[in-house]
Every structure is written in structure tokens, then in C-alpha cells.
Amino acid sequence: MKPRTPSAHLALMLAAQTEAASERYLKLIYAGGVFHDAARVSAERLGRGERGYTLMPNAYGGEWSLVLGSGADLMTNKVHLTYLGGDQTLAHNLARSGPTIGKLMARLSSGAATSCFQLSAERLPALKSWVEASVKSGAQGDVNAERRFGPLRVQVLTSRREQQADVDVLLWRGGLVGSTGEMPRPHLEFSS
């Protein structure tokens, strides 16, 4: 039996959904007051069905980026948030009172969970708390943690090498909004 491949119509429909989610989510990000603009990432640096943005201005001593997409299999909806900065900046910002990298990642993650994945409001406090705590633990060492919030999976990865800190938060679910089926697990490796 020949494997089924998505039709061109399905690919266009999913691309339109990704574009709509991008617009909703970017408006939410700008409303937070930290970022005021975004520059598109070139298509050569992205996978099929993905849209990438560099969030501006840089904040908390590092660069912030966002990738939204349907994924290579056209059935995996995902959001990938990244912070790249100095490892001392990560430790310093996490130790300070007030806004921190962990709090900002938690806020951006909860915004994605609601605007892109329609996660229920009662799950948001647990998601925000878990993302913030996971990112903060990355100030002491590398982290690779994953947790489910209903049909949504969230993975936090932190890596500190050669005075550089990378923080990634990935949110994904398979299928269409409203489905609760098992979702494929993405694979992410840090580049050196």
C-alpha cells in the first residue's frame, strides 16, 4: 500500500492557519510591552510549513526568536521560542527581582498556549509556573524537561557552553485543535 501524502490543498490550508496563528500571537507578544517588532527569518533557515521571527528589540542581554509551524509532517502544530545570550547574563537575570528570562519565557509560552493551541485557562497557571521554574533551573546546569498540559506538550531545554546560554521552549500537539490523540515527539539538538 502506497503511503498517503497530504494534498496540495491541505498544505495550503495548514499554511493559512499557521499565518493566522502567527498574526494573533505576534499581536499578543507586542501587547506585553517587551518586544515592539519582529523581523522574518529567511525560509532557508526553516522547515516546510514554518514561519520564523526574530523578536526586537533584544531583551535581557540576548536575542529572542520564534518559530511557528505545522511541521514537516503537516500535522504537528508547534511553537518554538528561543533565547540566546551569555551564560552569566542568564544567571544574573534569573537571580534579579522583577522581570526575568524565566518569567518572560513563561509569559510567552502561556500566550502561545492560548492563542495558538486554545489551552484552557485553568491549565495556564500550572504551565506558567512549570516553564518559569524549568528555565530558572537552567542557570545552574543543562535542562531537558518535558510535561503535558492536556493535549499540549511542552519541552524546556537549556544549554550553557563556552559562555553562551541557549534556552528553548517548545510547545506542540499533533492533529487538529480539539483532538486528543497521541502526538509525535519532536527531536531537537543544540548546535555548537
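For clarity, every value in this text was computed on a predicted model and none was experimentally measured. (Residues numbered from 1 in each chain as written. Predicted model: local features only at pLDDT ≥ 70, side-chain atom pairs only at ≥ 80, totals over all residues. Heavy atoms only, no water.)

Asks: Residue-level account of the environment of Y83, with values.
Replies: Topologically, Y83 is positioned in strand β4 (residues 76–86). Accessibility expressed as a relative area gives 0% for Y83, which makes it buried. Sequence spacing of Y83 and Y60 is 23 residues, and the spatial spacing of their C-alpha atoms is 9.4 Å. Contact partners of Y83, with chain neighbours within four places excluded, come to A59, Y60, G61, G62, E63, W64, T89, I101, M105, A165, D166 and V167. Within the local environment of Y83, its side chain forms a polar contact with the backbone oxygen of Y60, the two atoms lying 2.9 Å apart. (Helix = DSSP H or I, 4+ residues; strand = E, 2+ residues; numbered from the N terminus. Buried < 20%, exposed > 50% of the residue type's maximum accessible area, 1.4 Å probe, protein only. Contact = heavy atoms within 4.5 Å. Polar contact = N/O pair within 3.5 Å; in protein donor to acceptor, adjacent residues only side chain to side chain.)

Asks: A description of the environment of V169 should follow, citing residues and the corresponding values.
Replies: Relative to the helices and strands, V169 is located in strand β7 (residues 164–174). Taking C-alpha positions, V169 is 9.7 Å from E146, a pair spaced 23 residues apart along the chain.

Asks: Which residues make up helix α3 (residues 101–115), and what are the values?
Replies: Taking 1.5 Å of rise per residue, 15 residues should cover 21 Å, and α3 covers 21 Å from first to last C-alpha, within 8% of that figure. Taking burial as the measure, the 15 residues of α3 include 12 buried ones, the bulk of the element. Where α3 is concerned, the buried positions are I101, G102, L104, M105, A106, L108, S109, S110, G111, A112, A113 and S115. (Expected span 1.5 Å × (residues − 1).)

Asks: Now, about the packing of α3 against helix α4 (residues 124–137): what can you tell me, with residues and values included?
Replies: One way to put it is that α3 packs onto α4 with a least axis distance of 8 Å and a crossing angle of 145°. For the pair α3 and α4, the crossing hand works out as right-handed. Residues I101, G102, K103, M105, A106, R107, S109, S110, A113 and T114 of α3 touch α4, and the partners they reach there are L124, L127, K128, V131, E132 and V135. A breakdown of the residues in the contact of α3 with α4 according to their chemical character gives eight nonpolar, four polar and four charged. (Axes fitted to C-alpha atoms, helices over the stretch in contact; angles between N-to-C directions. Left-handed = near helix turned anticlockwise from the far one by under 90°. Nonpolar A, V, L, I, M, F, W, Y, C, P; charged D, E, K, R; others polar.)

Asks: Any chance you could break down the pairing of strand β3 (residues 62–69) for me, citing the residues and the numbers?
Replies: Each regular strand shows side chains that alternate between the opposite faces of the sheet. Within β3, six of the eight residues are buried, which leaves the element mostly enclosed by the surrounding structure. The sheet contact formed by strand β2 (residues 50–59) and β3 spans seven bridges and is antiparallel. Bridge pairing in β3 places G52 opposite V67. From the end of β2 to the start of β3, which pair antiparallel, there are two residues, and Y60 there has a positive phi angle of about 55°. (Pairing = 2+ DSSP bridges.)

Asks: Give me the pattern of salt bridges: which residues, what numbers.
Replies: One pass over the full model with this rule turns up three salt bridges. In this structure, the salt-bridge partner of E50 is K78, at a minimum N-O distance of 2.5 Å. Pair noted here: E50 is in strand β2 and K78 is in strand β4, with a separation of 28 residues, a long-range link. By relative accessible area, which is 25% here, K78 ends up partly exposed. Taking the shortest distance from any N to any O, the salt bridge between E146 and R153 comes out at 3.8 Å. Looking at E146, the relative accessible area reads 28%, which means it is partly exposed. (Salt bridge = Lys/Arg side-chain N within 4 Å of Asp/Glu carboxyl O.)

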